[in-house]
Number of protein chains: 2
Amino acid sequence: MSDPHVQHAPCRWAVRLEYDGRDFVGWQRQITGLSVQQVLEDAATRLTGGVRVDSVTAGRTDTGVHATAQVAHLDFPAGFALRPHQIRDGLNFHMKPYPVVVLSAVPVPSDWSARFSAGRRSYLYRILNRPSRAGLDAGRVWHVKHPLDTDAMRTGAAHLLGRHDFSSFRATACQAKNPVRTLDTLEVTRTGEVIEVRTHARSFLHHQVRNMVGSLHLVGTGRWHPDRMAEALAACDRRAAGPTAPPDGLYLVGVRYDPDPFDREP
Amino acid sequence: MSDPHVQHAPCRWAVRLEYDGRDFVGWQRQITGLSVQQVLEDAATRLTGGVRVDSVTAGRTDTGVHATAQVAHLDFPAGFALRPHQIRDGLNFHMKPYPVVVLSAVPVPSDWSARFSAGRRSYLYRILNRPSRAGLDAGRVWHVKHPLDTDAMRTGAAHLLGRHDFSSFRATACQAKNPVRTLDTLEVTRTGEVIEVRTHARSFLHHQVRNMVGSLHLVGTGRWHPDRMAEALAACDRRAAGPTAPPDGLYLVGVRYDPDPFDREP
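Residues numbered from 1 in each chain as written. Chains lettered and ligands numbered in written order. Predicted model: local features only at pLDDT ≥ 70, side-chain atom pairs only at ≥ 80, totals over all residues. Heavy atoms only, no water.

Going by the annotation in an unreviewed UniProt entry, the name recorded for chain A is tRNA pseudouridine synthase A, with Ameyamaea chiangmaiensis given as the source organism. Looking at the Catalytic activity (unreviewed entry) heading of the UniProt record, one finds this comment for chain A: "uridine(38/39/40) in tRNA = pseudouridine(38/39/40) in tRNA". In its Subunit (unreviewed entry) section, the UniProt record describing chain A reads: "Homodimer." (UniProt positions renumbered as here; feature names shortened; annotations may be inferred.)

Here it is in structure tokens:
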């Protein structure tokens, strides 16, 4: 009780998570199968000895989508006092054997929100561009046999930068009221057989990254001129853009907060 | 018949393979479970329409060990005429859904051997050095919680370079007649949380890489002074070296041939 290192924890903790999306129905709880949210909340509940713990996330990733740096917050019961490494290790212990881990845990004020305090989300999309399917990275890349022209993809991507109505690139089931988003980055790079598409924005519409990549793929194959990206965007109609790229290649790789609570990590 | 592009194939083909070792009992056929060899040979047999095809490999990887560039040769029945991409794609089709793929296939002379013509093998060992276990790379890295001193590991590794009796680092079950090997490279590098150990030699003893890494781990934790690597080597006694590192982090990443048959790839 007199140990000055013990943080008499605020109820709310932020956690940064890594997971392999293949085994889950996505972030959000579903009756159809196991979700990352369920694994995390069940572990937190076990850590408290049985008091129900709820979570809120920065980005509700879909079935099969991965994360290297997802962020969520958890509300522990008042007076629940553990040190950051005990929260991290305790959650990791109870999340075994699922491929989800807490990379770090920090206490945050009760008005801090993993979702609403987030300033920017970053995603990576990986394409394996070679004749042979993935041996080592099955389920973790989109395998595209046809050689893709990354210069053309880069030119096409530039048309989407900035503030636009992204209706053409949102899922028909998307529930956002406003289809306008500001795309900060949409970079296409190649290293050998792997093409990486990196994108940053304050927020994205449902399936926006996968729909942008699905259209860039058409540009890469030569079926679309790069300028068609601008036409698809201007149409404000989902049917004007390309198909949705598979979840396998998508990774949530960062969420930015200002100030960043994880900077205070021990 | 008159198509000049069809190679009226020699019987022997070299293939370069990528695989995820987690699902297999290792390269070699075992009655205890599925091997990479069985998946490859069964696919080749199906490709011929039922004629048994045998293979020889450059390196018989153990259970759980991965490969990004394993090499094997296959003896198809005389007169079996397919183009290189047809061999590659045909094998890949028949190896579904297993996480094994042929990256390329080339015809080789009947006296060429994936095993005996090999000039040098290259392995990579990956250590995930952080408090949290692997979320995305479970089964594909060795997770070590304790912070490892890579400078000390590098100093320790240098003691093993050159031509030595590696009895201290060979599995007790190793069947090689001669325990002398020449280690060309044993490099330790760190990028963030990932430590990579890269090694090259004409050939390795059974478990040699994993036993060298198991000892370097002791150096990295500080339990061993780097000079103890030299003492362990000089002892010529398996009990003098560290434990065997797990297979999860080990990758066969290259086999060198001179001339390299894959240089003739179309």
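The next subject is the environment of A:Val219. Residue and element names in this part refer to chain A. Considering the arrangement of structural elements, one finds Val 219 in helix 4 (residues 208-221). Expressed as a C-alpha distance, the spacing of Val 219 and Arg 115, which sit 104 residues apart in the sequence, is 33 Å. If we skip the residues at most four places from it in the chain, Val 219 touches Ala 152, Met 153, Trp 224, His 225, Pro 226 and Met 229. (Helix = DSSP H or I, 4+ residues; strand = E, 2+ residues; numbered from the N terminus. Contact = heavy atoms within 4.5 Å.)

So, about helix 3 (residues 150-158) of chain A. Residue and element names in this part refer to chain A. For helix 3, every residue scored as buried is listed here: Thr 150, Ala 152, Met 153, Gly 156 and Ala 157. Along helix 3, the residues classed as buried sweep out an arc of 155 degrees about the axis, all on the same side. Where helix 3 is buried, its residues touch strand 5 (120-129), strand 8 (180-191), strand 9 (194-201), helix 4 and helix 5 (228-235). A distance of 3.0 Å separates the backbone nitrogen of Asp 151 from a side-chain oxygen at the start of helix 3, and that oxygen is part of Asp 149. (Buried < 20%, exposed > 50% of the residue type's maximum accessible area, 1.4 Å probe, protein only. Arc of directions from axis to C-beta. Polar contact = N/O pair within 3.5 Å; in protein donor to acceptor, adjacent residues only side chain to side chain.)

Let's shift gears to the UniProt feature "active site" (unreviewed entry) in chain A. Residues and elements named next belong to chain A. Per the UniProt entry, the sites bearing "active site" (unreviewed entry) are Asp 62 in this numbering. The topology assignment puts Asp 62 in the loop between strand 2 (55-57) and strand 3 (66-75). If near-sequence neighbours (up to four positions away) are discounted, Asp 62 is found in contact with Val 25, Gly 26, His 206, His 207 and Arg 210.

Another point: the relation of the copies chain A and chain B. With an RMSD of 0.0 Å, the operation that places chain A on chain B is a rotation of 180 degrees combined with a shift of 0.0 Å along the axis. Overall, the copies show the geometry of a two-fold rotation axis. Among all residues of chain A, the one whose C-alpha sits closest to the rotation axis is A:Asp137, at a distance of 5.0 Å. Take the interface residues of chain A: 100% of them recur as interface residues in chain B, which is what a same-surface contact looks like. (Least-squares fit on C-alpha atoms with pLDDT ≥ 70 in both.)

It is worth spelling out the environment of A:Arg60 at this point. You can see A:Arg60 is positioned in the loop between strand 2 and strand 3. Each residue touching A:Arg60, except ones within four places of it in the same chain, is listed here: A:Trp27 and A:Gln28.

Let us look at the domain arrangement of chain A. Residues and elements named next belong to chain A. You can read the domains of chain A as domain 1 (12-117) and domain 2 (120-253). For domain 1 versus domain 2, the separation of C-alpha centres amounts to 28 Å. Every contact between the two is made by 15 residues of domain 1 and, on the other side, 13 residues of domain 2. Roughly 1100 Å² is buried in total at the junction of domain 1 and domain 2, and carbon and sulfur atoms are behind 49% of that figure. When the buried area of domain 1 at its contact with domain 2 is split by residue, Arg 22, Asp 62 and His 66 rank highest and sum to 42% of it. Inspection of the domain 1/domain 2 interface yields one salt bridge. Close ionic contact of Arg 210 with Asp 62 constitutes a salt bridge, the shortest N to O distance being 3.7 Å. (Domains from an automatic or database assignment. Buried area = accessible area lost by both parts, 1.4 Å probe. Salt bridge = Lys/Arg side-chain N within 4 Å of Asp/Glu carboxyl O.)

Of the residues lining the interface, 27 residues belong to chain A; the matching set on chain B comes to 27 residues. Of the roughly 2000 Å² buried between chain A and chain B on both sides combined, carbon and sulfur atoms contribute 48%. Counting every contact that joins chain A to chain B gives four salt bridges. With its nearest N and O atoms 3.0 Å apart, the salt bridge here joins B:Arg130 to A:Glu18. Linking chain A with chain B are 21 residue pairs in polar contact (both at pLDDT 80 or more), by the criterion used here. Secondary-structure elements contributing two or more residues to the side of chain A that touches chain B are strand 1 (12-19), strand 3, helix 2 (84-95) and strand 4 (100-107) of chain A. Looking at the side of chain A that touches chain B element by element, the count peaks at four residues for strand 4 of chain A.

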